[in-house]
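A closer look at the structure
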Amino acid sequence: MSDIENEYQVQIKPNEETDFTFPDEVVIIPIMNSPIFPGMIAPIILTEDKFTPELDDILMKTGFVALNLVKSDLKDETGEFVPEEEIDLESREIKTRDIYKVGVLCRVVKKLKLPDGSVNVLVHGVKRYRASNYITEKPLIKADFEVFDDILETDEELDAYTRSVINQVKKLSEINPYFNEEMKLAMLNSPSPGALADLVAFAISLDIPEAQDFLETLVVKKRFAKLLVYLRREKDVADIQKKISDEVNDKVNKYQREYFLREQLKVIRSELGMDDDEKSRDIKRISEQLEEIGMPEDALKAAKEELERLEVIPDSSPEYNVTRTYLNWMIDLPWSISTPEKIDMNTARKILEKDHYGLEKAKERILEFLAVRKLRPEYDGTILCLAGPPGVGKTSLGKSIAESLGRKFYRFSLGGMRDEAEIKGHRRTYVGAMPGRIIQALKRVEVNNPVIMLDEIDKLGQSFQGDPASALLEVLDPEQNKSFIDHYLDVPFDLSKVLFIATANYIGNIPAPLLDRMELIELSGYTIEEKVSIATKWVIPKLLKKHGLEKSDFSLGIPTLKRLISDYAREPGVRMMEQYVAKLCRKAALLKVSSRRKKKFAPRPNELGTHLGSARFQTELAQKALSPGVVTGLAWTSYGGQILFIETLPLKGKGTFKLTGQMGSVMNESANIAYSYVKSMLEEDIESEKKKATRSKSKKEDHTSEEALDFLSSHEVHLHLPAGATPKDGPSAGITMALALYSLATHHKIKTGLAMTGELSLTGKVLPVGGIKEKVLAAKRAGVKEIILPQENEKDLKEVPERHRKGLKFHPVSHFDEVLKIAMPRKRR
């Protein structure tokens, strides 16, 4: 048996005389809230379906009812625990296993029927009791019972417990509204220590297990000990609540106090004729600045409205800083401040020549643009887009344009930008809102007519936050940017005076509506000779100064530079070349500080591998003799032009066609067109050969067209474009692949020293292609003597410098028949 059970065994007094006559059995009403302890009077609300006539009769006859707490760990029919918040006494049928056996026996004082049909039963707690035997469970829970009295040992310890509880309640009464004067009076008039403990426990919030444990404690000393723990916990919680409440009140009172003091200070200053306070001076200063900066009427009206709002907003309000920041932006923007233009064409030409080598076409277009600006300064209808490979000088050209115009220059990159708000700003409703990059640029340069470079416009992104490319449409449209509205400012700003220059590496990634608003200036890559001049005039002197070297410490000869460019820095620009020259400069610096004797670092071409490692690129050279089925073509890559050998090989099969060499879809289609055209051309040759044979009995050719067609029909042809690891695409190898197939089928070799480029149509027409300059330069490097190109590309040869065209013979063609006559002079059609 437990200690509690032992207590109950000792205190069973069925025949004890009391002030009340208890019935033999009692009705038990389950309750979920705090228990009613002996000596307490409290109401119980019973719904209409719970207060049955049978219950009413029992209450009338006996005048007693028992209140038992429902266990907090109820289980459903499957044995699972039911959460306390899901327990509904109105709908759930409570069984005897769901309630505690120990409860409070109460006397019914009064019954009152309420308008909604429920009944308010006022009960008075009399004794602790225990249900010894359940008689019925439905429709009412009836049980035999045993009542208990408190176990009271009057001594000094009990007196100490009593005083401790009273002291704790006094402390708690200062912060807990439940312990009011009536509660204190009731405690002082308690008939016994046990009643005092029950009264205090009734006033504090105990959960069901704690309340039941307290109810089952008959020894008054133990009850006081538990009560002190509960009171201490209640005091700690109340202290924390008071601390939180005091902190909140202090903040509110501080704001209110500061507000009232400021208002009083205003009145005092006004009465004494003293200067305004800091806020008033600030508002006055803003008002004066708004009048002075020359804002448009719409913007000035919006700014004054915000200023009026600022006057009535307290300094301590977060809205004050938001409005103040907005007005600062409005004041700092260059609404009417411009840089005067001073265009001198000779100076502009010198600036372009000083900073850039080559790029003659781009320089000419820029000078034309500057000439128009000089004749008509208000001309603002052109937005330039400099397109070309990395490292060819797009950004530096933009700086040169700004310097030639005498304007301020600002650059920001659009690469990876995914949020429309980066261009048009955030609305002020967002925390930390700011204007877009365009307005920020104008604030930094402090003029409304700078040169703004939109770098990497082809690398704009897209996301759920919007499309920055669409936002740029308004910025770059001269008809719309006169009244550009940034979301943060929410007023029009004139961007028509700004000169926008965009840069891109690949125009195919620029959306068509955006590209339509810009004038394209394409920058091609530098030739080897141009790179050599750039390295000699700019790169090497700059790097010598950067690395602390003198001309006597380091030099690179022309042959060494050419080998470095062709084997290590073959990209269109000069960045990679600059990196490798810098690497050689570091070698020279190490040699200078390590060697006792002064020695010049001047590596020869064959020594580059020692200092820079293995060559990154291998130069293809034109072969003196090509076997049938192999033809030299010309290709354009991101590193410039290069030659490639198109190879064909016959295999045993049934007229199938196989392609390898990482060919893209366009090149794949071009190869199939070439194969179909060659077969069609051979069929036509067969007919012409038959007619020719009937007219004259000439000697039979080495390999007739009929044999060539039979050869293609009886073999699987494999066409390959080395190198296999390099992706290739485009239609410019059409005539080259067709000639390779024709050479394979007829067993005729191709003329040596010949290379070609051109798109082939299904009817044999040779169509124009791009990259002529780079392809011609590649052919020159590889030792090619003759070049076949489309007739429509003949005009592009003007872009190739005369020194590079020297020694080359060009054959413009418009049909594939002309290609055969040039490539196979012995083969006549």
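1. Some words on the overall build of the chain
Broken down by element type, the chain carries 27 helices and 22 strands. Split into buried and exposed, the 829 residues of the chain put 46% on the buried side. Put simply, of all contacts in the chain between residues at least 6 apart along the chain, 74% involve residues at least 24 apart. Taken as a whole, the chain presents about 44400 Å² of accessible surface, with 50% of it coming from carbon and sulfur.

2. Some remarks on the side chain of threonine 503
With respect to the secondary-structure elements, threonine 503 resides in strand S12 (residues 499-504). Exposure remark for threonine 503: the relative accessible area of 1% places this residue in the buried category. Here glutamate 456 takes part through its backbone nitrogen, which lies 3.1 Å from a polar atom of the side chain of threonine 503. Apart from residues no more than four positions distant in its own chain, threonine 503 is found in contact with Leu386, Lys394, Met453, Leu454, Asp455, Glu456, Ile457 and Asp458.

3. Here's the deal with the packing of aromatic side chains
Under the defined criterion, the tally for this structure stands at 11 aromatic pairs. Here the aromatic rings of tyrosine 129 and phenylalanine 145 are separated by 6.2 Å at their centres, their planes lie at 80°, and the arrangement is edge-to-face. Remark: phenylalanine 145 occurs in strand S6 (residues 141-148) and tyrosine 129 occurs in strand S5 (residues 119-136); sequence separation between them is 16 residues. The side chain of arginine 428 reaches across the aromatic face of tyrosine 326, ending 3.9 Å from its centre. Across the ring face of tryptophan 329, the terminal group of lysine 443 is positioned such that the distance to the ring centre comes to 4.1 Å.

4. Things to note about the pattern of salt bridges
For the structure shown, the criterion picks out 34 salt bridges. Of the charged contacts in the structure, one is a salt bridge between arginine 97 and aspartate 98, with a shortest N-O distance of 3.9 Å. Among the salt bridges present, the one from aspartate 150 reaches arginine 223, with a minimum N-O distance of 2.7 Å. Residue aspartate 150 is found in the loop between S6 and helix H3 (156-173), and its partner arginine 223 is found in helix H7 (residues 220-272); the two are separated by 73 residues along the sequence. Connected through salt bridges with shared partners, the residues Arg128, Asp150, Asp198 and Arg223 form a single ionic network.

5. Here we look at the environment of valine 581
Within the secondary structure, valine 581 is located in helix H20 (residues 575-594). With 37 residues separating them in the primary sequence, valine 581 and leucine 544 have C-alpha atoms 9.8 Å apart.

6. Points about the pairing of S5
Of the strand pairs in this sheet, strand S2 (residues 41-46) and S5 are connected by 6 bridges, and their pairing is antiparallel. Residue pairing for S5: isoleucine 44 is matched across the bridge by valine 121. Across 11 bridges, the pairing between strand S4 (residues 102-113) and S5 is antiparallel. Opposite lysine 110, over in S5, you have leucine 122 as the bridge partner. Where S5 meets S6, 7 bridges bridge the pair, whose relative direction is antiparallel. Within S6, the position partnered with alanine 131 by the bridge is phenylalanine 145. Taking the residues that link successive antiparallel strands as the turn, the S5-S6 hairpin has 4 residues.

7. Considerations on helix H18 (residues 528-546)
At alanine 535, H18 shows its maximal bend, which comes to roughly 50°. Along H18, the positions that sit buried rather than exposed are Ile528, Glu530, Lys531, Val532, Ser533, Ile534, Ala535, Val539, Ile540, Leu543 and Leu544. In this fold, the buried residues of H18 make contact with helix H19 (558-567), H20, helix H25 (772-782) and helix H26 (802-805).

8. Here's the deal with unusual backbone geometry
For the peptide bond that leads from lysine 138 to proline 139, omega is -10°, which places it in the cis range. The phi angle at glutamate 456 is positive, at roughly 55°, despite the residue not being glycine. Note on placement: glutamate 456 falls in the loop between strand S9 (451-455) and helix H16 (468-475). Residue classification places glutamate 456 among the partly exposed residues on the basis of a relative accessible area of 22%. At aspartate 490, a residue that is not glycine, the phi angle is positive and equals roughly 60°. Relative to the elements of secondary structure, aspartate 490 occurs in the loop between strand S10 (484-485) and strand S11 (492-493).

9. Quick notes on the nonpolar core
Inside soluble globular proteins, nonpolar side chains tend to come together where they are buried. Core analysis: the largest hydrophobic core is formed by 56 residues, its most contacted members being Leu454, Ile457 and Phe500. For this core, the elements supplying multiple residues, two or more each, are helix H8 (278-292), helix H9 (297-312), helix H10 (318-332), strand S8 (409-413), helix H15 (437-445), S9, H16 and S12. Each residue touching leucine 454, except ones within four places of it in the same chain, is listed here: Phe412, Leu414, Ile438, Leu472, Leu476, Phe500, Ile501, Ala502 and Thr503. Counting 51 residues, the second-largest nonpolar core is a separate cluster that includes Leu370, Tyr526, Ala569 and Ala588.

10. Describing the environment of histidine 804
Assignment of secondary structure puts histidine 804 in helix H26. Between the C-alpha atom of histidine 804 and that of arginine 781, which follows or precedes it by 23 residues, the distance is 9.5 Å. Contacts of histidine 804, omitting those with residues within four sequence positions, involve Thr527, Glu529, Leu777 and Lys780.

11. Thoughts on the sheet that holds strand S7 (residues 384-387)
The sheet built from 5 strands is open, its strands ordered S8-S9-S12-S7-S13 with parallel pairing. Strand pairing shows two members of the sheet lacking a second neighbour, S8 and strand S13 (519-522), which therefore form its edges. In this sheet, neighbouring strand axes are inclined to one another by 20° on average, regardless of whether the strands run parallel or antiparallel. Across 5 bridges, the pairing between S8 and S9 is parallel. For arginine 411, the partnering residue across the bridge sits in S9 and is methionine 453.

12. Brief notes about a nonpolar patch on the surface
Residues Ile240, Ile244 and Val248 make up a contiguous nonpolar surface patch of about 280 Å² in total accessible area. Within the secondary structure, isoleucine 240 sits in helix H7.

13. A word on a positive patch on the surface
Taken together, Lys546, Lys583, Arg586 and Lys587 make up a surface patch of like positive charges. Counting residues per element, the positive patch draws most heavily on H20, at 3 residues.

14. Considerations on the packing of H3 against helix H5 (residues 193-203)
Look at H3 against H5: their axes get within 11 Å of each other, and the N-to-C directions meet at 30°. Classed by the angle they form, the pair H3 and H5 counts as roughly parallel. The way H3 lies across H5 gives a crossing that is left-handed. For the pair H3 and H5, the contacting residues are Leu158, Thr162, Val165, Ile166 and Val169 in the first and Pro193, Leu196 and Val200 in the second. Taken together, the residues of the contact of H3 with H5 break down into 7 nonpolar, 1 polar and no charged.

15. Looking at the side chain of lysine 221
As for its position among the elements, lysine 221 is in helix H7. If we skip the residues at most four places from it in the chain, lysine 221 touches Glu153, Asp155, Glu157, Leu158 and Tyr161.

16. Concerning the confidence of the model for the chain
On average, the chain scores 80 in pLDDT, and the residues at 70 or more come to 87%. Segment residues 1-18 is flagged for pLDDT under 50; beyond a separation of four residues in sequence, or across chains, it makes 25 contacts in the model.

17. A look at the environment of isoleucine 286
Residue position: isoleucine 286 is located in helix H8. Spatially, the C-alpha atoms of isoleucine 286 and leucine 307 are 8.1 Å apart, while their sequence positions differ by 21 residues. Look past the residues within four positions of isoleucine 286 in its chain and what remains in contact with it is Leu307, Leu310, Arg324, Leu327 and Ile331.

18. Concerning the packing of H9 against H10
Between H9 and H10, the shortest axis-to-axis distance is 10 Å and the interhelical angle comes to 150°. Between H9 and H10, the angle is such that the two are roughly antiparallel. Seen from above, H9 lies across H10 with left-handed handedness. Contacts from Ala299, Ala302, Ala303, Glu306, Leu307, Arg309 and Leu310 in H9 reach Glu319, Tyr320, Thr323, Arg324, Tyr326, Leu327 and Met330 in H10.

Cut-off values and rules
Residues numbered from 1 in each chain as written. Predicted model: local features only at pLDDT ≥ 70, side-chain atom pairs only at ≥ 80, totals over all residues. Heavy atoms only, no water. Helix = DSSP H or I, 4+ residues; strand = E, 2+ residues; numbered from the N terminus. Buried < 20%, exposed > 50% of the residue type's maximum accessible area, 1.4 Å probe, protein only. Contact = heavy atoms within 4.5 Å. Areas by Shrake-Rupley, 256 points an atom, 1.4 Å probe, with all protein chains shown as cover. Polar contact = N/O pair within 3.5 Å; in protein donor to acceptor, adjacent residues only side chain to side chain. Phe/Tyr/Trp six-rings, centres within 6.5 Å; stacked < 30°, edge-to-face > 60°. Lys NZ or Arg CZ within 6 Å of the ring centre and 35° of its normal. Salt bridge = Lys/Arg side-chain N within 4 Å of Asp/Glu carboxyl O. Pairing = 2+ DSSP bridges. Bend = angle between axes of the 7 residues up to and from the residue. Core = buried A, V, L, I, M, F, W, Y, C linked by side-chain atoms within 4.5 Å. Axes fitted to C-alpha atoms, helices over the stretch in contact; angles between N-to-C directions. Patch = residues over 30% accessible without salt bridge, like charges linked within 9 Å, V, L, I, M, F, W, Y side chains within 5 Å. Lys, Arg positive; Asp, Glu negative; His and termini not counted. Charge placed at Lys NZ, Arg CZ, Asp CG, Glu CD. Parallel < 35°, antiparallel > 145°, perpendicular 65-115°, else oblique. Left-handed = near helix turned anticlockwise from the far one by under 90°. Nonpolar A, V, L, I, M, F, W, Y, C, P; charged D, E, K, R; others polar. pLDDT = per-residue confidence, 0-100.

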